[in-house]
Amino acid sequence: MNSSSTLVGTPFELDPDSAAGLVSVASPHQGTTAAGKTRTNRVQGEVQTLAVRLPTGNLTLRVENGPRIEDFCDFAARANPKRGFLIVSTVLGRHLPARPAAMRTIMDQLARSLPHDLPQPIVFLGMAETATALGQGVFAAFQTLYPAQTSIYLQTARQSVPGASTIARFEEGHSHATSHLVQIGDTELAEVVRSARSLVIIDDESSTGNTFVSAAGGMLSSMPNIERIETCCITDWSGGTYLANMPLPAARHSILAGSMEWAVGSSVAPPNLAPGSNSAGNAPVSGMRSRSGLRRPEASARPAVTCRQNERVLVLGDGEHSYEAMLIAEEIEKQGGIAAVQSITRTPAILGDAMISVSHFSDAYGSGAKCFLYNILAHEPHRILVASEIWDRQVDEARKAVLELGVDIPVEMILCTYQDETR
């Protein structure tokens, strides 16, 4: 049987500083915010309806018995003719700065929503590039809850790992970067995958659920013993209709769930994707092992990070390398700093709405794809740390970005290296 679960009844406390750009909207209310956002928010009974007007079209979201949409989501137009909107998570730590405690809360809640008695072994699959930190965080929380269960973590990637075998490929039809690789670098991990009986797929957001279906289908040939599929995301707008297309019995889990309608604008020509958006890069030899399989959550070897009391520090992940950025941010907060996480990304959003600023970066992995950083000053940082597994031009480009916005902020590189897991 296919089923769904939404954590709509779970108490969720969001630190006011845990995300940038939240708009407080009464109900009913219509207006344009100071940032130029046009929203109409209506609550009728227990149903929330939020209408979002974007340059590329109009988006309507409906939620029953869920938390406030705007506590989790902001919105932007996307430079993608396949899908002209972007649901911008306020708690993911990618396009908007998010406090690490808010990120951990989401990860823990999704892990708790999973059944405790999933058939073992269990494979967790995080989706690149946006949900790599989320995926590993859910995996980490699940292992903390159920340490006796056999589970491993894989993630899809747009970077090729030296010496790893590709066990699956699939396409994400609407994405700016459609191709996903699933790679294994260890024969013992490959055997766990072959014997696995449960697959948990983690993404940040589901509009139709088609990506979950593609991922499940792509993994089947490498997982002949699979019995059960679980999908996890922060916001699910699919209505659960995709569950009928899953190749095996499946259930869905999310923090917030509902339905959406997208009406393409007639007055705006669909933007074109930049050349190289789907090009593959090369992971460094000392890069993170999550691209080729983990038995436990990873942490890099890197210089110690220190901060002053109440120092505001923005930690930037680099593409798929984002889980370590959250770990660094947590370390800063333990020392009394005020940390937030964001990431350099391939996502081609249009400036405006949730995207107050855009800065341009080279792809450190050599793919030639254009990379971006949005809202670099939204956390009002005193200092910026770039957490990367490869040293390229990130520091110079981040430094240029803040200077172009009229601010002089120190930018430092935290080079993260990884070793093979100790068994």
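Look above for the structure.
Residues numbered from 1 in each chain as written. Predicted model: local features only at pLDDT ≥ 70, side-chain atom pairs only at ≥ 80, totals over all residues. Heavy atoms only, no water.

An ideal rise of 1.5 Å per residue puts 20 Å on 14 residues; helix H2 (residues 132-145) measures up with 20 Å between its terminal C-alpha atoms. Among the 14 residues that make up H2, 12 are buried, leaving the element largely enclosed by the rest of the structure. Inspection of H2 places Thr-132, Ala-133, Leu-134, Gly-135, Gln-136, Gly-137, Val-138, Phe-139, Ala-140, Ala-141, Phe-142 and Gln-143 among the buried residues, and these make up the whole buried set. Summarising the contacts, the buried residues of H2 are in contact with helix H1 (100-113), strand E8 (122-126), strand E9 (151-157), strand E13 (198-202), strand E15 (228-236) and helix H5 (323-334). (Helix = DSSP H or I, 4+ residues; strand = E, 2+ residues; numbered from the N terminus. Expected span 1.5 Å × (residues − 1). Buried < 20%, exposed > 50% of the residue type's maximum accessible area, 1.4 Å probe, protein only. Contact = heavy atoms within 4.5 Å.)

It is worth spelling out the pattern of salt bridges at this point. Here the structure, examined in full by the defined rule, presents 23 salt bridges. Between Glu-191 and Arg-194 there is a salt bridge, and its shortest N-O distance comes to 2.9 Å. With Glu-191 and Arg-194 both in helix H3 (residues 187-195) and three residues apart, the pair spans about one turn of that helix. Residue Arg-194 is classed as partly exposed on the basis of its relative accessible area, which comes to 41%. One salt bridge in this structure joins Asp-236 and Arg-252, with 2.7 Å as the shortest N-O distance. Of this pair, Asp-236 sits in strand E15 while Arg-252 sits in strand E16 (residues 250-264), placing them 16 residues apart in sequence. Residue Arg-252 is classed as buried on the basis of its relative accessible area of 11%. Sharing partners across several salt bridges, the network here consists of Arg-308, Glu-311, Arg-383 and Glu-412. (Salt bridge = Lys/Arg side-chain N within 4 Å of Asp/Glu carboxyl O.)

Among the seven residues of E9, seven are classified as buried, and the element is accordingly described as predominantly covered. Burial of the side chains of E9 extends over both faces: Ser-151, Tyr-153, Gln-155 and Ala-157 are buried on one face and Ile-152, Leu-154 and Thr-156 on the other. Bridge analysis of E8 against E9 gives five bridges, and the strand direction is parallel. Its bridge partner lying in E9, Phe-124 is registered against Tyr-153. (Pairing = 2+ DSSP bridges.)

Attention now moves to the side chain of Arg-289. Here Arg-289 shows up in the loop between strand E17 (281-282) and strand E18 (312-318). Not counting residues up to four positions away in its chain, the partners in contact with Arg-289 are Leu-294, Glu-298, Tyr-418, Gln-419 and Asp-420.

With that out of the way, let us pick up empty space enclosed by the protein. If you walk through the whole model with that rule in mind, you get six cavities of 30 Å³ or more. The volume enclosed by the second largest cavity comes to roughly 80 Å³. Looking at the second largest cavity, the residues that line it are Glu-129, Arg-158, Gln-159, Asp-318, Gly-319, Glu-320, Ile-344, Thr-345, Arg-346, Asp-363, Tyr-365 and Cys-371. The residue makeup of the lining of the second largest cavity, split by class, is three nonpolar, three polar and six charged. (1 Å grid on protein atoms, 1.4 Å probe; cavity = no way out; pocket = protein on both sides within 12 Å on 5 of 7 lines; lining within 4 Å. Points joined across faces, edges and corners; volume = space filled by probe spheres on them. Nonpolar A, V, L, I, M, F, W, Y, C, P; charged D, E, K, R; others polar.)

Our next topic: the sheet that holds strand E22 (residues 383-388). Strands belonging to one sheet form pairs held by backbone hydrogen bonds; the direction of such a pair is parallel or antiparallel. Taking strand neighbours across the sheet as the criterion, the four strands line up as E19-E18-E22-E23 in an open arrangement whose pairing is parallel. Each of the sheet's edge strands pairs with one partner strand only, and the pair in question is strand E19 (338-344) and strand E23 (411-415). On average, adjacent strands in this sheet sit at an angle of 25° to one another, irrespective of strand direction. With four bridges joining them, E18 and E22 adopt parallel strand pairing. Counted as the bridge partner of Leu-316 is Val-386 from E22. Contacting E18, E19, E22 and E23, helix H6 (residues 394-404) crosses the sheet at an angle of about 155° to E23. (Axes fitted to C-alpha atoms, helices over the stretch in contact; angles between N-to-C directions.)

Time to look at the packing of H1 against H2. Where H1 meets H2, the axes come as close as 8 Å, and the angle between the chain directions of the two elements is 55°. Here H1 is positioned oblique relative to H2, judged by the angle of their axes. As H1 runs across H2, the sense of the crossing is right-handed. Packed against H1, whose contacting residues are Arg-104, Ile-106, Met-107, Asp-108, Leu-110, Ala-111 and Arg-112, the element H2 presents Ala-133, Leu-134, Gly-137, Val-138, Ala-140, Ala-141, Phe-142 and Leu-145 at the interface. When the residues that make up the contact of H1 with H2 are grouped by side-chain class, the tally is 11 nonpolar, one polar and three charged. (Parallel < 35°, antiparallel > 145°, perpendicular 65-115°, else oblique. Left-handed = near helix turned anticlockwise from the far one by under 90°.)

Within H3 the residues assigned to the buried category are Leu-189, Ala-190, Val-192 and Val-193. Axial view of H3: buried residues confined to an arc of 155°, hence all on one face. Packed against the buried residues of H3 are E8, E9, strand E11 (165-171) and strand E12 (179-184). By the N-cap criterion, in which a side-chain oxygen at the helix start approaches the backbone nitrogen of a residue two or three places on, H3 is capped by Asp-186, the distance to Glu-188 being 2.7 Å. (Arc of directions from axis to C-beta. Polar contact = N/O pair within 3.5 Å; in protein donor to acceptor, adjacent residues only side chain to side chain.)

On to the nonpolar core, then. One recurring pattern in soluble globular proteins is that nonpolar side chains are buried together. The biggest cluster of nonpolar side chains holds 92 residues, and the ones touching the most others in it are Phe-75, Phe-124 and Leu-134. Apart from the residues within four sequence positions on either side, Phe-75 is in contact with Arg-39, Leu-50, Val-52, Leu-54, Leu-59, Leu-61, Ile-69, Leu-86, Ile-87, Val-88, Asp-353 and Ala-354. Counting 17 residues, the second largest nonpolar core, distinct from the first, contains Ile-344, Val-395, Val-402 and Val-411. (Core = buried A, V, L, I, M, F, W, Y, C linked by side-chain atoms within 4.5 Å.)

We now examine the environment of Arg-104. Take Arg-104: it is sitting in helix H1. Between the C-alpha atom of Arg-104 and that of Ala-141, which follows or precedes it by 37 residues, the distance is 8.7 Å. When residues no more than four places from it in sequence are discounted, the contact partners of Arg-104 are Gly-137, Ala-140, Tyr-323, Met-326, Leu-327 and Glu-330.

The bulk of non-glycine residues show a negative phi, and the bulk of peptide bonds are trans. Pro-121 follows Gln-120 through a cis peptide bond whose omega is -5°. If you trace the backbone, Pro-121 turns up in the loop between H1 and E8. Each neighbour pair has its own omega, and for Ala-128 with Glu-129 the value is -10°, a cis peptide bond. Note on placement: Glu-129 falls in the loop between E8 and H2. In this model, Asn-310 sits at a positive phi of 65°, which is unusual for a non-glycine residue.

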